[in-house]
Amino acid sequence: MKNSNYINASEIAEFIYCHRAWFLKRSGHAIQNTTALIQGSAVHQQVGQQVTSIHRNQSLARLLVAIGVAIVIAYFVLRFGT
């Protein structure tokens, strides 16, 4: 069991996230579902990569739309400009 006289900042964050998990960890209970935790971490990593890819594609799409709008505006200005 950990020294129960001290609580550090990361433990406070753990408590805020899930007070039950914090209590069980602090009480010395071992994690029994390590396989599920490893699989869950892998899935979260894949989801994170997908989100990053989506954000990158959205940024590229916005840039291409802005370039297209600029080209259309330039065409009309040159064609019908004052």
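Quick note: structure is the one above.
Draft legend 1. Summary view of the packing of aromatic side chains. Summed over the entire model, instances satisfying the criterion amount to 3 aromatic pairs. With a centroid separation of 5.2 Å and an interplanar angle of 90°, the aromatic rings of Phe15 and Trp22 are classed as edge-to-face. Residue classification places Phe15 among the partly exposed residues on the basis of a relative accessible area of 41%. On the accessibility criterion, Trp22 (15% relative accessible area) is buried. A ring pair is formed by Phe76 and Phe80, whose centres lie 5.8 Å apart and whose planes are at 25°; its orientation type is stacked. Within this pair, Phe76 and its partner Phe80 are both found in helix α3 (residues 34-80), separated by 4 residues, close to a single helical turn.

Draft legend 2. Expanded view of the packing of helix α1 (residues 9-17) against helix α2 (residues 19-26). Two elements in contact, α1 and α2, have axes whose closest approach is 5 Å; the angle formed by their N-to-C orientations is 130°. Here α1 is positioned oblique relative to α2, judged by the angle of their axes. Within the contact between the two elements, α1 uses Glu11, Glu14, Phe15 and Tyr17 and α2 uses His19, Trp22, Lys25 and Arg26. Among the residues forming the contact of α1 with α2, the class breakdown is 3 nonpolar, 1 polar and 4 charged.

Draft legend 3. The layout of surface pockets, seen in detail. Its volume calculated, the largest pocket comes out at about 280 Å³. Residue lining of the largest pocket: Glu14, Tyr17, Cys18, Ala21, Trp22, Leu24, Lys25, His29, Ala30, Ile31 and Leu37, and that is the complete set. Mapped by element, the contributors of at least two residues to the lining of the largest pocket are α1 and α2.

Calculation rules
- Residues numbered from 1 in each chain as written.
- Predicted model: local features only at pLDDT ≥ 70, side-chain atom pairs only at ≥ 80, totals over all residues.
- Heavy atoms only, no water.
- Phe/Tyr/Trp six-rings, centres within 6.5 Å; stacked < 30°, edge-to-face > 60°.
- Buried < 20%, exposed > 50% of the residue type's maximum accessible area, 1.4 Å probe, protein only.
- Helix = DSSP H or I, 4+ residues; strand = E, 2+ residues; numbered from the N terminus.
- Axes fitted to C-alpha atoms, helices over the stretch in contact; angles between N-to-C directions.
- Parallel < 35°, antiparallel > 145°, perpendicular 65-115°, else oblique.
- Contact = heavy atoms within 4.5 Å.
- Nonpolar A, V, L, I, M, F, W, Y, C, P; charged D, E, K, R; others polar.
- 1 Å grid on protein atoms, 1.4 Å probe; cavity = no way out; pocket = protein on both sides within 12 Å on 5 of 7 lines; lining within 4 Å.
- Points joined across faces, edges and corners; volume = space filled by probe spheres on them.

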